[in-house]
Amino acid sequence: MKVGVVGAGLVGATAAYALTLRGSCSELLLTDLDGDRARAEAQDIAHAAPVSHGARVRSGPLEDLHGSGVVIVAAGANQKPGESRLDLLQKNAAIFRDLIPRVAAAAPGAALLIATNPVDVLTDLSVTLAPDHAVIGSGTVLDSARFRHLIAAHAGVDATHVHGYVLGEHGDSEVIAWSTATVAGLPVAAFMDARDLPWTPGIRAQIERDTREAAAQIIGGKRATYYGIGAALARITERILGDRRAVLTVSAPTPAFGVSLSVPRILGRAGVLDTVLPALTPDEQDALHRSAEVLRKARQALDT
């Protein structure tokens, strides 16, 4: 039940904090090129342990990742206002080519959970750099949560009773799969009708825009997103450590599309146990193929 976090910036530290508050693991190690930052974050998070679930939290070098069941990789450059996730590709790919083999050597047997953007292409790259490890990207777990939150807000219900997936790229080409969305087991339109709530093309379009633009809106206001992704990383980590067989839209190599992207997958201790492609509308299928093409081109750019 040991978890490592590589990169003690806002995303890595927030993921570590979420893991501590949720009691996700018994031991937590933060490591970063900036050792002082890692020590300070670990010390601050450790002070939350006595009033949460008592996890042992510390910092250390990469070598101390040994024995981890999951290693969250959140190291790399951050997305700046006006910058797309794919704009980060070349500089973060260079970091990963050095970092991932070292993480893999330090933590044999660990599942590597990639959080750094652009997460799909870096997941694909990490699979080649750590061929003996289960490699999973955080994918569209956060995007799907944003989608569910927005539907729930309109429906006036607890968001845990809303289900629905965002598929494909964690980025501009992501696919809002309305055909998968339900509230309390009902299609969204049927639930709204049952509660006599308005449900128009305009409302649906606004939810879709707010889902797509959430990261840009947050980055524009406070320069980074970290609470949502931190909680999402904690949830994914728990499902892997506990062999929970949860269904989450994580990113992983998908032969049908020739690249790593997000579709519903069954997660366990060995990583992705199976992939379940939902029945999509023809328009959604076309959009998913276009999203895959965006990612394939980005991946190919790394090899040229």
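Residues numbered from 1 in each chain as written. Predicted model: local features only at pLDDT ≥ 70, side-chain atom pairs only at ≥ 80, totals over all residues. Heavy atoms only, no water.

1. Re the sheet that holds strand β10 (residues 246–248)
Part 1 of the argument: Strand order in the open sheet formed by 3 strands is β10-β13-β14, with antiparallel pairing between adjacent strands. Of all strands in the sheet, those bounded by a partner on one side alone are β10 and β14 (271–275). For this sheet, the mean inter-axis angle between neighbouring strands, taken without regard to orientation, is 40°.
Part 2 of the argument: Bridging between strand β13 (residues 265–268) and β14 involves 4 bridges; their strand directions are antiparallel. Looking across to β14, one finds that Gly-268 is bridged to Gly-271.
Part 3 of the argument: Contacts from helix α8 (residues 227–241) reach β10 and β13, with the element oriented near 65° to β13. (Pairing = 2+ DSSP bridges. Helix = DSSP H or I, 4+ residues; strand = E, 2+ residues; numbered from the N terminus. Axes fitted to C-alpha atoms, helices over the stretch in contact; angles between N-to-C directions. Contact = heavy atoms within 4.5 Å.)

2. Examining the sheet that holds strand β8 (residues 175–183)
Part 1 of the argument: Pairing is antiparallel in the open sheet, where 3 strands are placed in the order β7-β8-β9. The open sheet is flanked by β7 (162–167) and β9 (186–187), the only strands paired with a single partner.
Part 2 of the argument: Relative to the sheet, helix α7 (residues 201–222) contacts β7 and β8, its axis offset from that of β8 by approximately 120°.
Part 3 of the argument: Sheet strands touched by helix α9 (residues 282–302): β7 and β8. Its angle to β8, the strand with the most contacts, is close to 135°.

3. Some words on the pattern of salt bridges
Part 1 of the argument: A full pass over the atoms with the stated rule returns 13 salt bridges.
Part 2 of the argument: A salt bridge links Arg-58 to Asp-64; the nearest nitrogen and oxygen atoms lie 3.1 Å apart.
Part 3 of the argument: The exposure class of Arg-58 is partly exposed, given its relative accessible area of 35%.
Part 4 of the argument: The partner of Glu-293 in a salt bridge is Lys-297, and the shortest N-O contact between them spans 4.0 Å. Here Lys-297 and Glu-293 lie together in helix α9, a separation of 4 residues that amounts to about one turn.
Part 5 of the argument: Here Glu-293 falls in the partly exposed class, since its relative accessible area comes to 31%.
Part 6 of the argument: Salt bridges linked by common partners bring Glu-27, Arg-56, Arg-58 and Asp-64 together as one network. (Salt bridge = Lys/Arg side-chain N within 4 Å of Asp/Glu carboxyl O. Buried < 20%, exposed > 50% of the residue type's maximum accessible area, 1.4 Å probe, protein only.)

4. Remarks on the pairing of β13
Part 1 of the argument: The pairing of β10 with β13 spans 3 bridges and is antiparallel. Across the sheet, the residue bridging to Leu-248 is Arg-265, located in β13.
Part 2 of the argument: Where β13 folds back onto β14 in an antiparallel hairpin, the turn is made up of 2 residues.

5. Thoughts on the nonpolar core
Generally speaking, nonpolar side chains in soluble globular proteins are found buried as a group.
Part 1 of the argument: Of all hydrophobic cores here, the largest spans 39 residues; its most connected members are Val-6, Leu-65, Val-71, Val-103, Leu-112 and Ile-114.
Part 2 of the argument: Elements represented by at least two residues in this core include exactly β4 (70–73), α3 (89–106), β5 (111–114), α4 (119–129), β8, β12 (259–262) and α9.
Part 3 of the argument: Aside from chain neighbours lying at most four places away, what touches Val-6 is Thr-31, Leu-62, Leu-65, Val-71, Ile-72, Val-73, Ala-74, Ala-75, Leu-99 and Val-103.
Part 4 of the argument: Membership of the second largest hydrophobic core comes to 35 residues, among which are Cys-25, Ala-42, Leu-113 and Leu-241. (Core = buried A, V, L, I, M, F, W, Y, C linked by side-chain atoms within 4.5 Å.)

6. A closer look at the side chain of Ser-291
Part 1 of the argument: Within the secondary structure, Ser-291 sits in helix α9.
Part 2 of the argument: Within polar-contact distance, the side chain of Ser-291 engages the backbone nitrogen of Glu-169 at 3.0 Å.
Part 3 of the argument: Each residue touching Ser-291, except ones within four places of it in the same chain, is listed here: Gly-168, Glu-169, Ser-173, Glu-174 and Val-175. (Polar contact = N/O pair within 3.5 Å; in protein donor to acceptor, adjacent residues only side chain to side chain.)

7. Quick notes on the packing of helix α5 (residues 141–155) against α7
Part 1 of the argument: In contact at an axis separation of 10 Å, α5 and α7 are set at 135° when each is read in the N-to-C sense. In this view, α5 runs oblique relative to α7, as classed from their interaxial angle. α7 is crossed by α5, and the crossing has right-handed handedness. Seen from α5, the contacting residues are Asp-143, Arg-146, Phe-147, Leu-150, Ile-151 and His-154; seen from α7, they are Ile-203, Ile-207, Asp-210, Thr-211, Ala-214, Ala-215 and Ile-218.
Part 2 of the argument: Of the residues belonging to the contact of α5 with α7, the class tally is 8 nonpolar, 2 polar and 3 charged. (Parallel < 35°, antiparallel > 145°, perpendicular 65-115°, else oblique. Left-handed = near helix turned anticlockwise from the far one by under 90°. Nonpolar A, V, L, I, M, F, W, Y, C, P; charged D, E, K, R; others polar.)

8. Notes on α4
Part 1 of the argument: Across the 11 residues of α4, 8 count as buried, placing the element largely inside the fold.
Part 2 of the argument: Every buried residue belonging to α4 is among Val-119, Asp-120, Val-121, Leu-122, Thr-123, Asp-124, Leu-125 and Ser-126, and all of these are buried.
Part 3 of the argument: As for α4, its buried residues are in contact with α3, β5, β6 (135–137), β11 (251–254), β12 and α9.

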